[in-house]
Amino acid sequence: QKEVEQNSGPLSVPEGAIASLNCTYSDRGSQSFFWYRQYSGKSPELIMFIYSNGDKEDGRFTAQLNKASQYVSLLIRDSQPSDSATYLCASPRGSAQKLVFGQGTRLTINP
Amino acid sequence: EAGVTQSPTHLIKTRGQQATLRCSPISGHTSVYWYQQALGLGLQFLLWYDEGEERNRGNFPPRFSGRQFPNYSSELNVNALELEDSALYLCAASERGETQYFGPGTRLLVL
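Since the model is a prediction, treat every value here as computed from it, not as a measurement.

Caption draft 1: Quick look at the sheet that holds strand β1 (residues 5–7) of chain B. Residue and element names in this part refer to chain B. Across the sheet, which stays open at both edges, the four strands sit in the order β1-β3-β8-β7 with antiparallel pairing between neighbours. Where the open sheet ends on each side, the last strands, each with one partner, are β1 and β7 (64–68). On average, adjacent strands in this sheet sit at an angle of 20 degrees to one another, irrespective of strand direction. Sheet topology note: the β1/strand β3 (residues 19–24) ladder contains three bridges and is antiparallel. Opposite T5, over in β3, you have S24 as the bridge partner.

Caption draft 2: Representation of the interface of chain A and chain B within the structure. In this complex, chain A contributes 16 residues to the contact, which on the side of chain B involves 17 residues. Summed over both sides, the interface of chain A with chain B buries roughly 1,300 Å², with 60% coming from carbon and sulfur. Considering only the surface of chain A that becomes buried against chain B, A96(A), K98(A) and F101(A) emerge as the three largest contributors, covering 30% of it. Applying the counting rule to chain A against chain B returns zero salt bridges. Put simply, chain A and chain B have five residue pairs in polar contact (both at pLDDT 80 or more) between them. When contributions to the side of chain A that touches chain B are tallied by element, the ones reaching two or more residues are β4 (33–38), β5 (45–50) and β10 (98–101) of chain A. Across the side of chain A that touches chain B, the residue classes break down as nine nonpolar, five polar and two charged.

Caption draft 3: A look at the pattern of salt bridges. Tallying each qualifying case throughout the model produces ten salt bridges over all chains. In this structure, R22(B) and E75(B) form a salt bridge, with 3.7 Å as the shortest nitrogen-oxygen distance. With R22(B) in strand β3 and E75(B) in strand β8 (residues 74–78), the pair connects residues that are 53 residues apart, well separated along the chain. Among the residues examined, E75(B) registers a relative accessible area of 8% and is labelled buried. The salt bridge involving E75(B) is made with R67(B); its shortest N-O contact spans 3.2 Å. Connected via shared salt-bridge partners are E3(A), D27(A) and R93(A).

Caption draft 4: Molecular detail of the packing of aromatic side chains. Tallying each qualifying case throughout the model produces 13 aromatic pairs over all chains. Centroid distance Y36(A) to F102(B): 5.3 Å. Interplanar angle 85 degrees. Geometry classified as edge-to-face. Here Y36(A), found in strand β4, pairs with F102(B), found in strand β10 (residues 101–102), and the two come from separate chains. Taken individually, Y36(A) and F102(B) each receive the classification buried, so the pair is uniform in this respect. Seen in terms of ring centroids, Y35(B) and F45(B) are 5.9 Å apart; in terms of plane orientation they differ by 65 degrees. Their pairing is edge-to-face.

Caption draft 5: Region of the structure containing the state of the cysteines. Residues and elements named next belong to chain B. A complete count under the given rule lists two disulfides over all chains for this structure. Covalent S-S linkage joins C23 and C91, the inter-sulfur distance amounting to 1.8 Å. Handedness here is read from the sign of the S-S torsion; for C23 and C91, about -50 degrees, the answer is left-handed. Highlighted residues: C23 in strand β3 and C91 in strand β9 (residues 87–94), separated in sequence by 68 residues.

Criteria and cut-off values
- Residues numbered from 1 in each chain as written.
- Chains lettered and ligands numbered in written order.
- Predicted model: local features only at pLDDT ≥ 70, side-chain atom pairs only at ≥ 80, totals over all residues.
- Heavy atoms only, no water.
- Pairing = 2+ DSSP bridges.
- Helix = DSSP H or I, 4+ residues; strand = E, 2+ residues; numbered from the N terminus.
- Axes fitted to C-alpha atoms, helices over the stretch in contact; angles between N-to-C directions.
- Contact = heavy atoms within 4.5 Å.
- Buried area = accessible area lost by both parts, 1.4 Å probe.
- Salt bridge = Lys/Arg side-chain N within 4 Å of Asp/Glu carboxyl O.
- Polar contact = N/O pair within 3.5 Å; in protein donor to acceptor, adjacent residues only side chain to side chain.
- Nonpolar A, V, L, I, M, F, W, Y, C, P; charged D, E, K, R; others polar.
- Buried < 20%, exposed > 50% of the residue type's maximum accessible area, 1.4 Å probe, protein only.
- Phe/Tyr/Trp six-rings, centres within 6.5 Å; stacked < 30°, edge-to-face > 60°.
- Disulfide = S-S within 2.5 Å.

Right under this line is the structure:
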């Protein structure tokens with residue numbers, strides 16, 4: 001079992017709808033999670049991070065963490081074509097705080 | 001404030017050659033992480049440098065090495081290049097233990 005798992009997609013969502021991206025993890029000791037957005041051919045860009053159980057909102061983005069279920073998600077409201085990208089879920093590991101990434105979910109927003 | 005920078009943007013080498021990739025972190029960020037993103041393999045942790053020392057390395061052979069300079073910039077060296085080393089190499093910087101911000105990456109092609 002991979003430490004961080006994501007559905008690779010592709011996930012197709014109509015413009016204006018809510019896009020829901022999911023991530024599960026195997027290490028119950030994981031404390032924090034990061035969502036990065038990566039456009040094709042570009043480097044990952046931080047969207048948001050979450051440490052505590054529950055929801056964290058930032059503009060159109062909401063991250064949700066459920067430590068009991070070992071599940072973290074990212075909701076994108078009012079999806080725009082510019083949201084079309086691969087979304088990476090990551091969690092730091094060990095004293096190095098190296099990021100362990102899921103394989104990413106490719107999201108396409110259809111106009 | 002300038003972000004993380006990397007050079008060169010693209011690098012073409014042949015098998016057996018050596019490649020040198022460079023990274024300059026955000027001012028005040030002393031930790032530099034190197035990741036490899038090969039096609040179909042996702043983002044893999046390579047190396048972590050902090051305060052001039054190699055602190056941790058991922059599951060990569062010793063021909064992947066590097067260093068960190070007194071100004072916290074870093075260099076990744078890949079010796080005896082193999083075809084499968086073709087990938088996007090990403091540098092990320094952070095204040096120790098904090099959120100990692102990625103540079104634009106160096107795309108290495110080994111022929």
